[in-house]
Protein chains: 4
Amino acid sequence: MKPTLSSIEKQLLDFAKARDWDQYHSPKNIAMALSVEAAELVEIFQWKTEAQSASLNEQELRAARHEIADVFLYLLTISRVLGIDILGAAQEKLELNAQKYPVESK
Amino acid sequence: MKPTLSSIEKQLLDFAKARDWDQYHSPKNIAMALSVEAAELVEIFQWKTEAQSASLNEQELRAARHEIADVFLYLLTISRVLGIDILGAAQEKLELNAQKYPVESK
Amino acid sequence: MKPTLSSIEKQLLDFAKARDWDQYHSPKNIAMALSVEAAELVEIFQWKTEAQSASLNEQELRAARHEIADVFLYLLTISRVLGIDILGAAQEKLELNAQKYPVESK
Amino acid sequence: MKPTLSSIEKQLLDFAKARDWDQYHSPKNIAMALSVEAAELVEIFQWKTEAQSASLNEQELRAARHEIADVFLYLLTISRVLGIDILGAAQEKLELNAQKYPVESK
């Protein structure tokens, strides 16, 4: 069965509950943890040229996959504890961006 | 119509194409941009106590909502350019985490 | 009179004392603030090529100068509250790096 | 002999020259590396309370010392490649901050 956003969110919540981890999950702490994972993603690319960053080897790609997952899981967690609907927030931001950066007419 | 992960991904791709922005979207650059947005999320909380971070006022909550959306949009973009299935990556990471942090028996 | 590391440290301490700011200066908070300033430095460069990043215009250079100062002031503050001698720490790290990355013989 | 800011800067420059590392030292890359080290500093504190962050054990303190040194060495390197006098920048910023945050009269 393929995972969905809902199934991931459900598992994440169960995971935190089973371990009683929400006591550590203040928005402040999760935001910090998220930024640390974002930095671990950056670390993969930091000494590469832009071209090299687009042709990772298998091991680097696996590392990137893990760091992306880590950022994503914290992003879902902070959204949950703040009561934010992440898809609604993304939709709203896409619309703001479309106004802010109109397509140039040719 | 409620947004879905697929509808967000589709709009993001169309957005980048219409503006010819993929030329800037090396994984290196997107990772940097993502980490900058993560820091903007951290900034909301940095001088708050953990308790305060859990009771944001309306304006702070809106700011958090925007920063979460920004991180999310870059996360979907870097996943796309690296060819990573973000839900599959999250599912895999959840399973690794479950092994790494077993629930303590009482 | 040219500033020295000691004169900067002295002013920083006086500044925090006069405003009673050390109540906010837990190492956790200062580390967060430092990472936010580091991200503001990154932001200047994020969409530039490496070559472009080396030839900033006057306004960008001034921005970089301010962000570098901000990171530095937080670095001196966290060193102070943790009781760390920053020059000693740097000297030690240089020696470790020299062992870790020996100069290749030709 | 106690290290000074100048002796650290001198060793750092010699270190980069001896290894021909300035080819990697675009401001963009150094800013990224600096932000990654800042995140490693944050990581030490992320699950601690503020009070706990102020009473590190010996091992954590050593880790903090290393990360502070790493941030500092990158900060001196980016200052060098951008031609920025870090003490002058810090002095200027302190004066701006004093204007921005005046001491409250009682």
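Residues numbered from 1 in each chain as written. Chains lettered and ligands numbered in written order. Predicted model: local features only at pLDDT ≥ 70, side-chain atom pairs only at ≥ 80, totals over all residues. Heavy atoms only, no water.

An unreviewed UniProt entry lists chain A under the name Nucleotide pyrophosphohydrolase, from Advenella kashmirensis W13003.

Let's shift gears to the relation of the copies chain B and chain A. You can overlay chain B on chain A at an RMSD of 0.0 Å; the transform is a turn of 180° with a shift of 0.0 Å along its axis. Such a combination of rotation and displacement between the chain copies is what one expects of a two-fold axis. When each C-alpha of chain B is compared by its distance to the rotation axis, Ser35 of chain B comes out closest, at 3.2 Å. A shared interface surface links the copies, since 100% of the contact residues of chain B are contact residues in chain A too. (Least-squares fit on C-alpha atoms with pLDDT ≥ 70 in both. Contact = heavy atoms within 4.5 Å.)

Our next topic: the interface of chain B and chain C. The figure often quoted for interface size is the accessible area lost as the parts come together. The partner chain C presents 16 residues to the 17 residues of chain B that form the contact. With a closest N to O distance of 3.7 Å, Lys28 of chain C and Glu50 of chain B form a salt bridge. Taken together, the connections running from chain B to chain C amount to 0 residue pairs in polar contact (both at pLDDT 80 or more). The leading source of residues in the side of chain B that touches chain C is helix α2 (residues 27-45) of chain B, at 11 residues. In terms of residue class, the side of chain B that touches chain C is built from 9 nonpolar, 4 polar and 4 charged. (Salt bridge = Lys/Arg side-chain N within 4 Å of Asp/Glu carboxyl O. Polar contact = N/O pair within 3.5 Å; in protein donor to acceptor, adjacent residues only side chain to side chain. Helix = DSSP H or I, 4+ residues; strand = E, 2+ residues; numbered from the N terminus. Nonpolar A, V, L, I, M, F, W, Y, C, P; charged D, E, K, R; others polar.)

Do not read the predicted coordinates in detail wherever pLDDT is low. Of all residues in chain A, 98% attain a pLDDT of 70 or more, and the chain-wide mean is 95. Scored as a complex, the prediction yields pTM 0.95 and ipTM 0.95. (pLDDT = per-residue confidence, 0-100.)

Turning to the interface of chain B and chain A, a few remarks are in order. Taken together, the 60 residues of chain B in the interface contact 60 residues of chain A. Roughly 5400 Å² of surface becomes buried between chain B and chain A when both sides are summed, with 73% attributable to carbon and sulfur atoms. By the criterion of area lost to chain A, the three top residues of chain B are Lys28, Arg65 and Leu94 of chain B, representing 12% of everything that side buries. One can count 4 salt bridges joining chain B with chain A. A salt bridge links Glu92 of chain B to Arg65 of chain A; its shortest N-O distance comes to 2.9 Å. Our count for the chain B to chain A interface comes out at 18 residue pairs in polar contact (both at pLDDT 80 or more). Contributions of two or more residues to the side of chain B that touches chain A are made by α1 (5-18), α2, α3 (50-53), α4 (58-82) and α5 (86-100) of chain B. It is α4 of chain B that contributes the most residues to the side of chain B that touches chain A, 14 residues altogether. Grouping the constituent residues of the side of chain B that touches chain A by class yields 38 nonpolar, 13 polar and 9 charged. (Buried area = accessible area lost by both parts, 1.4 Å probe.)

Residue and element names in this part refer to chain C. Viewed as axis vectors pointing N to C, helix α2 (residues 27-45) and helix α4 (residues 58-82) meet at an angle of 165°, and their least axial separation amounts to 9 Å. Taken together, α2 and α4 sit at an angle that is classed as roughly antiparallel. The way α2 lies across α4 gives a crossing that is left-handed. In terms of residue class, the contact of α2 with α4 is made up of 17 nonpolar, 1 polar and 5 charged. (Axes fitted to C-alpha atoms, helices over the stretch in contact; angles between N-to-C directions. Parallel < 35°, antiparallel > 145°, perpendicular 65-115°, else oblique. Left-handed = near helix turned anticlockwise from the far one by under 90°.)

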